[in-house]
Amino acid sequence: MPIGNHGSPARQVHTVDLNIARPAMSDMASRMWHNYLASEKRSVARDITQQNQSKLSKVSSGLQRLTRAGRSKKDLPAATKQCLSTIQEANMWMFTHTGIVRDLVDLQYKQYLQSQQYMQRYIYDEWKQTETELTRERGLWGPAKGSRLDKWMLDMTEGPCRMRKKLERNYDFYIHYPYKVEQETTTGKPSKYRMAISFDSKDYYQRLEKQKSKQIVDTDVSEQPPTDSDSVQDIDVCDDDAKSDTASVDLRQACLLTRQSSFKSPSEKSDRDDEDNESTISMETENSNDDDKPDNQTVLRLLEEGEKIRHMFRCARIQGLDTSEGLLLFCKEHFYIVDGFTLLSTREICDIDMIAPGHQDPIIPRGTSKRTTQKRIVGKFAYEDIREVHKRRYLLQPIAVEVFCADGRNFLLAFPKRIRNKVYSRLIAEATGLTDSASQSVSGQKRNAQVEAGTGLFSSLIGEKSVTQRWERGELSNFQYLMHLNTLAGRSYNDLMQYQVFPWILADYESEELDLNDPKAFRDLSKPMGAQTGDRLKNYEKRFNDWEDPNGETPPYHYGTHYSSAMIVASYLIRMEPFSQDFLRLQGGHFDLADRMFHSIKEGWLSASKHNMADVKELIPEFFYLPEFLSNQNNFDLGSKQSGVTLGDVVLPPWAKGDPREFIRVHREALECDYVSAHLHEWIDLIFGYKQNGTAAEKSINVFHHLFYEGNVDIYSIEDPLKKNATIGFINNFGQIPKQLFKRPHPQRQIFNRVGIESSGNTIVSLDRLFFNNLDNLKPSLQPIKELKMSVGQIVAMEKTVLAVEPNKIMIPPSCSRYIAWGYADLSLRMAAYDSEKGHTVFEGTQYGEILCAVCPHSKLFITGGTSTVVHVWQLRPGREKAKQLALKQALYGHDEPVTCIAASTAYSIIVSGSRDKTCMVWDLNKLVFVRQLREHAAPVAAISINNTTGDIVTCAGTFLYIWSINGDVIASVNTSTGREQQILCCAVSELVEWDTANVIVTGSSDGVIRMWGTEFVQVPADTNRKLSNQVETKESKSGQDDNGVLHPLIGCKQESMDSSISETDTKSMDSVAITTSEPPTPANTGVPTPNADSQSLSSTCDDVIADSTSNGGDDNEKSNTLTNESQSQPSKEQADMLYLGCDRKENSDATHGDENKTTNQSVPAPQSYLSTAVGQHELEKKLEDLSNKSQNTNTEQSNNGGVNLDVTDNLRVESPISDSGSYVIITESELSEASQSTWKPTRQDVGPKASHKNKLKQGFKWERQLIFRSKLTMHTAFERRDNSHPAAVTSLTFSKDHTRLYVGDDRGRVFSWSVTDQPGRVAADHWVKDEGGDSCVACSTRFSFSERRHHCRNCGQLFCSRCSRFETEINRLRIMKPVRVCQACFNILKAEQATIATQKS
């Protein structure tokens, strides 16, 4: 056939004539055929010759044997006798060889069975993984909600500053604490004689029995995961007809195995007692050639595809009190820690359980711990993920290594003696991502830096800073510094015997309010716990001086117990798994007597510092970051004291307001205060410094038993087994002194009120420079600092620049030089350079529906969500020619509707996805499994933000704002609606100085307003079911009565829906009053979606105006200091009452103004109803200033001789966020008038107590954390301002790393910045009217010109001429301490405020 011409037109190709080509082809083919025949003949001849030679050799060998046999017949006749005598020997050898063959077959059969057993285990675990995924909460066949019977345990993954905050599901809880009917007969006995139980075990047992009877689940209930069969959120099963003789349910262990994760569970739980093994073997070996053996196959099956073992070591993984022997495998790209296997002397891999006793030496001497609760795991680590490797000691012996990884995991591994250094060198050589940055190191300094830095010239020249120098400069907080010192001293979470030690900080556990400026509130940090009181000090000195040891083996000491031991740690954390199991193992399987258990913070302090001579314990780091350990969430039966007090949650001091989270915050604040910072070095000298031992320790009353110190005992040199076990037990039970870090006195900290920004090059920022401490004094950029073609989707603040991209793009950290884009018609993903926007990689084949949102936690991972309702986790891997390859790593199922937003935190290794189904789901970023869900959102979730410092999660749904803890507890929530149509589109949360209550949550809304919210504790009525007196009159009964007939204190008003749209004028006032009710109404009677009203926070009206300020029932010093009417700028009592009610005036005609004035002058008493939030006197006065500020726009006609007649009730600008309980009502002016004339007079008996902020809890109240409106920003973007020429919705928010700037992106593609000014009052602020917003003076209407300049009133922000703004004064609210220009109205108010403050001080 003709060949097509695909080249140039000048090049012609013709067909070939076969008749011409046939002769040449046949000649060539003939020669090749003859050559092939010749080679075949030679091959056949060669084979025949070889066969003949083989036959000839066989014949010749046979002839030779016959010849030898003939010769043997000619031998002596004795040979015949010898042959006859060997028959029995032959039989014996036959039986011997038969036995050998039988043993070989038996061995092969056992190996076959073992291999099948491993395979069954592997298949079973894979099936359990699938089953668990299908039947979990929000799984395909799982319940829609969780159950109160679900149990949790602490996840060992570390977050920032090595804090462990996450909880994970505890599937083995009801196996460890089963319900048994006979245990009810022992409830009257002391706890010492009763087994450890949980009260929830009975409910769980009854639930399973009930489900079995209804045949809801399979017949074999034991196969079900403990928490996945529940489909009801709150189950209270109390079956009185349950059989009393029914034994406990035999639950099979539900192993949660995640193949994609780094943790695998290839075998069942190892609950056997360790037995003695002997013999020492070589640790290092090359790959074994016996890969066909079952043990080898099992280990190889655990490796990644293509991996090859290069080095192998025996090791023992230490976790808590458990030690699990296994193998450390060094492969090509990863190293593995495999539990349950060991190396024999023949270099064969063998299952530890298959080794006969006496054939293997244990790595850890027996008597130290028993592997009774440990599961076999396989830890896989990429070499590039290893961040640090530290040498450690175990049992005071230098035999261990601790490995830290980038994802927060770490392992403590012990090795046989003299092997540790070899393993350490191998890890250092293989690891490619070791950090050498002080800010990223767990030790707080570079690898080769000395803790006690020298003062020589060389150290000064190279600029190398130790962790101590960083702390002195203020780069590290006290908590961070103590964690770094513990790490450097060898303290580890993985070893309860060497747990991190923290000091007791406070001595005041009785006050209602903790005064951190009072030195008496703190302990004496220069003395150990045994010397806190004079009486105990004398007793310890007497013990030391009178000590005599007849054997001379034990030197004198002050303390026979330690300040940190496994028992102390387990007793502190007894209410939380897995530490409950550790405590039970130390205590013999039962809880201790109630009088000896940790029950109260105050009693714990008194015991350790005063009352108990055998108690000198210090604290653990969980007291400063983990509130969950203070609550008895597992509902353990801890018994009752002799006084009759039943143990449950830990009793907190009064200043904690009954909230564990508040206790942790205040305790952390105390740790970081100036007093502790100035004296912390004294405590460090005792624990880690020169007072740890020697003469200085004796003078400081700080000498412990000699076996607590490193170097005083070598357990391997002790030959007597009894003495060896006793020594090991002593070390285990009584504690170990940390490694000494300082030989000289520790320097004192010199810099205070500073915070270090580790992510910003160790920048140190003053606390006064943080933006959330200057909310009323932020300076806006006059022009956009960056503009895009579309709306802003993401803003990233780098060190020297700000980057921004559109909503369909996400930047790839950490350099952010590239981004990934989506939203194309072919559903592809595209990677492009940020600077040039030139795409260089297209990822196709990702058609899993339309992508709506995405997040990129780090350069190797990319997470998307969209219309498919599935969260897809993609892995970015290097390909050929430096190109990236995108592979699906895991698909996370659970949402019912499209995923609308995603956030991820590498600090805490979590992913949070929000959906239109009004729920959020939390996923584990390391294991890529479901953790929990966040329910009860009022609308589809639109925005999510994660606090990378605390782990708190902020979600936005419609107008509702929620804060959740990392473990799914609702912290607070609020409805941010101000009556107009608005939606929260984005949010951000400040992360510095996490213990400071000044931290804010920033939200950006569709109305263009940036609002800032903070959390505060307020007093709310404890009895929410109180009914009002029958004297209460309501205008409309349907608005004042709920479904149960309970009246709401509405002052005769009608109720309107939250969604009603109320138009706002330029002054943004509403024609309504918002009042909170005593009982949160349901959505049925309010039209408002109610998220979990019992625990949700309530927001105040009028920016949290305090009820106490106008109350008649408050204390004298809490009464409102209302200003007199003579000044015209000071409200009357009636006006203050209107302010209390949150009344807002609407700009209207002159006739309307007349009606308003008439209504205002009427006396409306301030009701003492259930207002949700309140602020102090200074905020009331701030509201009066705001009245003056907003009056300037509409009341210019009232000016007289340059002055302004201010009516404080006109044009009151108020942010009145609606409570999420939906309990706000709308009150008109006429209804207020009628209410004031009615016979109903609110009294304490009628309406109950009012809300209060005071620290002393009043009778009938309780503390509640609520979201409080702090401030807002309106310039450039807010629709409510006339002077904004191009308002737009706020679509993106972020902070600079040092938190001195706030960046705002809007729907027009503009990015503005807000920063803290150095000159308050001298530069533009948010409340200033733009210059182009007015051409004449607000007061006297004088037109501005070249000669008549514009002047802003620094307080209200309006434009005045020079004559109307000639007044000058300080503005404390704005931190303006020097006189600045203000208008006359503001001048009068500010002066009155200053006079009031001066009067109060005097």
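Nothing here was measured: the structure is a model prediction, and the numbers come from that model.

Visitor: Help me out: how do you make sense of the overall build of the chain in this one?
Guide: Along the chain, the regular secondary structure elements total 24 helices and 45 strands. In the chain, once contacts between residues fewer than 6 apart in sequence are set aside, the share between residues at least 24 apart is 66%. In the structure as shown, the chain presents an accessible area of about 62800 Å², 49% of it carried by carbon and sulfur atoms.

Visitor: Is there a simple way to explain the sheet that holds strand β38 (residues 1261–1273) in this structure?
Guide: Pairing between the strands of a sheet comes from backbone hydrogen bonds, and it takes one of two forms, parallel or antiparallel. On the basis of which strands lie adjacent, the open sheet formed by 4 strands has the order β35-β36-β37-β38 and antiparallel pairing. A strand with exactly one partner marks an edge of an open sheet, and here the two such strands are β35 (984–989) and β38. Strand-to-strand, the axes of this sheet are offset by a mean angle of 30 degrees, without reference to chain direction. Where strand β37 (residues 1010–1021) lies against β38, 12 bridges are found, and the strand directions are antiparallel. Directly across from W1013, in β38, lies its bridge partner F1269.

Visitor: Help me understand the pairing of strand β20 (residues 818–821), please; the structure alone is not making it clear to me.
Guide: Walk down a regular strand and you will see the side chains alternate between the two sheet faces. As paired elements, strand β19 (residues 809–811) and β20 share 3 bridges and run antiparallel to each other. Of the residues in β20, the one forming a bridge with I810 is I820. Linking two consecutive strands that pair antiparallel, namely β19 and β20, is a turn of 6 residues; a positive phi of about 60 degrees is found at C816 within it. Bridge count for β20 against strand β21 (residues 829–833) is 4 bridges, and the pairing is antiparallel. Considered in β21, the bridge of Y819 is made with A832.

Visitor: When you look at the packing of helix α9 (residues 478–488) against helix α15 (residues 674–687) in this model, what are you seeing that I'm missing?
Guide: For any two helices packed against each other, one specifies the crossing angle of their axes together with the interaxial distance. Axis separation between α9 and α15 bottoms out at 11 Å; the angle between their running directions is 15 degrees. One finds that α9 runs roughly parallel with respect to α15. Our pair here, α9 against α15, has a crossing hand that is right-handed. Here N478, Y481, L482 and L485 of α9 come into contact with α15, specifically with V676, S677, L680, W683 and I684. Considering only residue class, the contact of α9 with α15 consists of 7 nonpolar, 2 polar and no charged.

Visitor: What should I look at first to understand the pattern of salt bridges in this one?
Guide: Two side chains carrying opposite charge are able to pair once their charged atoms lie near each other. Taken as a whole and judged by the stated rule, the model has 47 salt bridges. We note a salt bridge from R314 to E325, for which the minimum N-O separation is 3.3 Å. Taken together, the positions of R314 in strand β4 (residues 311–319) and E325 in strand β5 (residues 322–330) put the pair 11 residues apart, joining distant regions of the chain. Residue R314 is classed as buried on the basis of its relative accessible area of 2%. Judged by its relative accessible area of 10%, E325 falls in the buried class. One salt bridge in this structure joins R661 and D952, with 2.4 Å as the shortest N-O distance. Taken together, the residues span a long stretch of sequence, with R661 in helix α14 (residues 660–671) and D952 in the loop between β31 (941–946) and β32 (953–957) at a distance of 291 residues.

Visitor: Can you walk me through the sheet that holds strand β23 (residues 851–858) in this structure?
Guide: In space, the 4 strands of this open sheet follow the order β23-β24-β25-β26, with antiparallel pairing throughout. Of all strands in the sheet, those with a lone pairing partner are β23 and β26 (884–892), marking the two edges. Between one strand axis and the next, the sheet turns through 25 degrees on average, direction left out of account. Note: strand β24 (residues 861–866) against strand β25 (residues 871–878), 4 bridges, orientation antiparallel. Within the sheet, the bridge partner assigned to I863 lies in β25 and is V873.

Visitor: Would you take a moment to explain the environment of G1309 for this structure?
Guide: Note that G1309 resides in the loop between β40 (1301–1306) and β41 (1310–1316). A residue is classified by how much of its surface remains accessible, and G1309, at 0% relative accessible area, is buried. It is 5.0 Å that separates the C-alpha atoms of G1309 and M790, two residues lying 519 residues apart in sequence. Not counting the four nearest positions on each side in its chain, G1309 is found in contact with K786, E787, L788, M790, S791 and V792.

Visitor: Mind showing me how you'd approach the nonpolar core here?
Guide: Across soluble globular proteins, nonpolar side chains show a tendency to be buried alongside one another. Core analysis: the biggest nonpolar cluster contains 117 residues, and F623 and F688 have the highest contact counts within it. Residues within four places of F623 in sequence aside, it is in contact with Y572, F598, I601, F629, F663, I664 and H667. The next biggest cluster of nonpolar side chains, apart from the first, holds 26 residues, and it includes F772, L992, V1002 and V1304.

Visitor: Sorry, what's going on with the packing of aromatic side chains here?
Guide: A ring pair, where both rings are aromatic, is described by two values, the distance of the centres and the angle of the planes. Taken as a whole and assessed by the stated rule, the structure comprises 43 aromatic pairs. For the pair Y572 and F598, a centre-to-centre distance of 5.2 Å together with 85 degrees between the ring planes defines the contact as edge-to-face. Residue Y572 is found in helix α11 (residues 566–572), and its partner F598 is found in the loop between α12 (579–587) and α13 (601–611); the two are separated by 26 residues along the sequence. Residue classification places Y572 among the buried residues on the basis of a relative accessible area of 1%. What links up through ring pairs into an aromatic cluster is the set F173, Y174, Y177, Y204, F583, F591 and F636. Here R164 stacks its cationic end above the ring of Y493, 3.9 Å away from the centre of that ring. The ring of W1263 carries K657 above its face, with NZ or CZ at 4.9 Å from the centroid.

Visitor: Explanation requested: the side chain of S564 in the structure shown.
Guide: Topologically, S564 is positioned in the loop between α10 (534–545) and α11. Classification of S564 as buried rests on a relative accessible area of 4%. Those residues in contact with S564, other than ones at most four positions away along the chain, are R491, Y499, V501, F734, G735 and Q736.

Visitor: It is not clear to me how α9 should be interpreted in this structure. Could you clarify?
Guide: An α-helical turn contains 3.6 residues, so a residue and the one three or four places further along point in the same direction. Of all 11 residues in α9, 11 are buried, a share of seventy percent or more. Looking only at α9, the buried set comprises N478, F479, Q480, Y481, L482, M483, H484, L485, N486, T487 and L488. Where α9 is buried, its residues contact β10 (386–394), α8 (467–472), α14 and α15. Where α9 terminates, the next one or two residues include G490, which has phi positive at roughly 90 degrees.

Visitor: Explain the confidence of the model for the chain here, please?
Guide: Detailed reading of predicted coordinates is not advised where the pLDDT is low. Across the chain, pLDDT averages 74, with 70% of residues at or above 70. In the model, residues 1–13 has pLDDT below 50 throughout and makes 3 contacts with residues more than four positions away in sequence or in other chains. Note on residues 368–373: pLDDT is under 50 here. Beyond four places in sequence and across chains, it has 31 contacts.

Visitor: Hey, could you run me through unusual backbone geometry in this one?
Guide: Residues apart from glycine generally show negative phi values, whereas peptide bonds are mostly found in trans. With an omega of 5 degrees, the peptide bond between E577 and P578 qualifies as cis. Inspection of the secondary structure puts P578 in the loop between α11 and α12. Residue P814 is reached from P813 by a cis peptide bond, and omega for that bond is 5 degrees. Relative to the assigned elements, P814 resides in the loop between β19 and β20. In this model, R418 sits at a positive phi of 70 degrees, which is unusual for a non-glycine residue. Summarising the element assignment, R418 is placed in the loop between β12 (410–414) and α6 (420–430). On the basis of relative accessibility, which here comes to 73%, the residue R418 falls in the exposed class. For T869, which is not glycine, the phi dihedral falls at a positive 70 degrees. Following the sequence through the fold, T869 ends up in the loop between β24 and β25. The exposure class assigned to T869 is buried, which follows from its relative accessible area of 18%.

Visitor: Help me out: how do you make sense of the pairing of strand β11 (residues 397–405) in this one?
Guide: In terms of burial, β11 is largely enclosed, as 8 of its 9 residues are buried. Here β10 pairs with β11 via 7 bridges, running antiparallel. Looking at the pairing, E388 lines up with F404 of β11. Remark: 2 residues form the turn of the hairpin made by β10 and β11, two consecutive strands paired antiparallel; L395 in that turn has positive phi of roughly 55 degrees. Pairing of β11 with β12, which is carried by 5 bridges, proceeds in the antiparallel orientation. Of the residues in β12, the one forming a bridge with V401 is L413. Between β11 and the antiparallel strand that follows it, β12, lie 4 residues; G408 among them carries a positive phi value of about 95 degrees.

Visitor: Is there a simple way to explain the side chain of H558 in this structure?
Guide: Position of H558 among the secondary structure elements: in the loop between α10 and α11. Classification of H558 by relative accessible area gives buried; the value is 1%. In this structure H558 touches Y540, E541, R543, F544, A697, E698, I701, N702 and V703, once residues within four positions along its chain are discounted.

Criteria and thresholds
Residues numbered from 1 in each chain as written. Predicted model: local features only at pLDDT ≥ 70, side-chain atom pairs only at ≥ 80, totals over all residues. Heavy atoms only, no water. Helix = DSSP H or I, 4+ residues; strand = E, 2+ residues; numbered from the N terminus. Contact = heavy atoms within 4.5 Å. Areas by Shrake-Rupley, 256 points an atom, 1.4 Å probe, with all protein chains shown as cover. Pairing = 2+ DSSP bridges. Axes fitted to C-alpha atoms, helices over the stretch in contact; angles between N-to-C directions. Parallel < 35°, antiparallel > 145°, perpendicular 65-115°, else oblique. Left-handed = near helix turned anticlockwise from the far one by under 90°. Nonpolar A, V, L, I, M, F, W, Y, C, P; charged D, E, K, R; others polar. Salt bridge = Lys/Arg side-chain N within 4 Å of Asp/Glu carboxyl O. Buried < 20%, exposed > 50% of the residue type's maximum accessible area, 1.4 Å probe, protein only. Core = buried A, V, L, I, M, F, W, Y, C linked by side-chain atoms within 4.5 Å. Phe/Tyr/Trp six-rings, centres within 6.5 Å; stacked < 30°, edge-to-face > 60°. Lys NZ or Arg CZ within 6 Å of the ring centre and 35° of its normal. pLDDT = per-residue confidence, 0-100.

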